Amino acid sequence: MKLVEPIVGWQAEMADIRRDIHAHPELAYEEVRTADLVARLLESWGIPTHRGMGVTGVVGIIKGLTPGTRAVGLRADMDALPMQEANTFAHASKHAGVMHACGHDGHTAMLLAAARYLAQSRDFAGTIYVIFQPAEEGFSGAKKMIDDGLFERFPMEAVFGMHNWPGMKAGTFAVHDGPVMASSNTFEITIRGKGAHAAMPNLGHDPVMAAVQLAQAFQTIITRELDPLDPAVLSITQIHSGSADNVIPDDAVMRGTVRTFSDQAIDLIEKRMREIATLTCQALNCSADFIFDRRYPPTLNHSDEAAFCVEVLHDLVGPSAVDQTRAPSMGAEDFAFMLKEKPGCYVWIGNGDGDHRSHGHGLGPCMLHNSSYDFNDEVLPLGASYWVELARRRLARPPDAG
Ligand SMILES: [Zn+2]
Ligand SMILES: [Zn+2]
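Not measured: the values here are computed from a predicted model. (Residues numbered from 1 in each chain as written. Chains lettered and ligands numbered in written order. Predicted model: local features only at pLDDT ≥ 70, side-chain atom pairs only at ≥ 80, totals over all residues. Heavy atoms only, no water.)

### Digging into the coordination of the zinc ion (ligand 1)
Cut-off, in case you're wondering: Sites may look incomplete because water is not among the atoms; the donors themselves are N, O and S atoms within 2.8 Å of the metal, or within 3.2 Å for Na, K and Ca. A four-donor site is classed as tetrahedral when every donor-metal-donor angle falls between 85 and 135 degrees; four donors are called square planar, and six octahedral, when trans pairs exceed 155 degrees and all remaining angles lie between 65 and 115, with any other arrangement labelled irregular.
The coordination sphere of the zinc ion (ligand 1), as far as protein atoms go, consists of Cys-102 (SG), Glu-137 (OE), Glu-137 (OE) and His-369 (NE2), spread over 2.0 to 2.7 Å. Given four donor atoms and angles of 53 to 151° at the metal, the environment of the zinc ion (ligand 1) is assigned as irregular. Every donor residue of the zinc ion (ligand 1) comes from the same chain, spaced as C-x34-E-x231-H. The two metals, the zinc ion (ligand 1) and the zinc ion (ligand 2), are separated by 3.1 Å and share Cys-102 as a common coordinating residue.

Quick look at the structure:
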């Protein structure tokens, strides 16, 4: 492993920063303390910063000693989750019901260390933007920063992301060429029928029967209409209707989620769900209000950038520590919005199998979003070194390479 030397020496400081953020988690768009900490540290290292992008986002601007018009972006996320932490170690959350259970504390600390090193060395040509985004956990902080002019105010040729992954050995990475995380979409269907006495169904139009038929028919979109090599999940998670044993209700509401790895799959599923809902309800003398909300698009790594990340990682940790065949995740990721605007790649860094867990951890080992989760401080210098190597090498590469 060829870590960037000064960064290795910052391990304890990085862990302190990480644990401080972990102890003070903040929810989407409320990352005031975290953003202030980030901006103050960047400024203390001589890095000009822009605060308040996408509400609480921060961008640091690091210029190389050699002037140049090229630029790249490195992105970390800062928000925590609305859940109660089960861990009882010293750096456990001090805010009841809020927890860094996705490791964004670690992502922030790694990018900070990389920024500090890059600002000290400035041994590159062009500009490196370090992007600390808010509200990754379901509230589109990346999109908010883009809408706020991220890529116009800070033009960059490519943007890169990284997420820790529990269950993958510390010291390893996974890189996907193409889909890495799924799209996340929700739907709500209100079926309007006509209520009646349950003993006289002929006098009403039963919305419950329509809901049952829709639930079954929707699955045929996945099994009969979608390309079987383009995976998708359609889950109906709620059906609400009725209030008495002997009353046919007026209406029924269905809600659920759709996950896909391609935009084509979402287009098809939304279109067919709408048609099936409308026409089936019509056939049953009911009507349907159909709402389909596209939250996060699929996270699709760009091939050239994925290959470039692999190249950088091969030199950093060796080919045997870079998994290029790991299955993508059905979870979703806000960085998807950035990859729709710019070429880039989002890699996973192994958080270990739980060896870092010690006294004060809850039950575990565990996955992200578990109340016993904790970021593995051991990988901080590795993640920071990856950022440094990635950015420097990208800017040193001929612009049309790849
Ligand atoms: Zn998460
Ligand atoms: Zn996350």
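Having seen it, we continue.
### Here's the deal with the coordination of the zinc ion (ligand 2)
Defined as follows: Partly exposed describes any residue whose relative accessible area lies between the buried limit of under 20% and the exposed limit of over 50%, with all areas from a 1.4 Å probe on protein chains only and scaled to the type maximum.
Protein coordination at the zinc ion (ligand 2) comes from Cys-102 (SG), His-104 (NE2) and His-163 (NE2), with a distance range of 2.1 to 2.3 Å. One chain supplies every donor for the zinc ion (ligand 2), spaced along it as C-x1-H-x58-H. Exposure remark for Cys-102: the relative accessible area of 6% places this residue in the buried category. Exposure remark for His-163: the relative accessible area of 3% places this residue in the buried category.

### Topic: the pattern of salt bridges
How we decide: Salt bridges are identified by distance alone: a Lys or Arg side-chain nitrogen within 4 Å of an Asp or Glu carboxyl oxygen. Only DSSP runs of H or I covering at least 4 residues are called helices, and only runs of E covering at least 2 are called strands; the numbering of each starts at the N terminus.
For the structure on display, the rule yields 29 salt bridges. Close ionic contact of Asp-374 with Arg-18 constitutes a salt bridge, the shortest N to O distance being 2.8 Å. Of this pair, Asp-374 sits in the loop between strand E16 (344–350) and helix H11 (380–396) while Arg-18 sits in helix H2 (residues 11–23), and the two are 356 residues apart along the sequence. Judged by relative accessible area, which is 4%, Asp-374 ranks as buried. Arg-18 sits in the buried class, given a relative accessible area of 0%. The closest approach of N and O atoms between Lys-143 and Asp-147, which form a salt bridge, is 3.1 Å. A residue pair is termed a helical-turn pair when its members lie 3 or 4 positions apart in one helix, as Lys-143 and Asp-147 do in helix H5 (residues 141–147) at four residues. On the accessibility criterion, Lys-143 (33% relative accessible area) is partly exposed. A relative accessible area of 58% places Asp-147 in the exposed class. Among the ionic contacts, a cluster of salt bridges with common partners joins Arg-18, Arg-19, Asp-105, Asp-374 and Asp-377.

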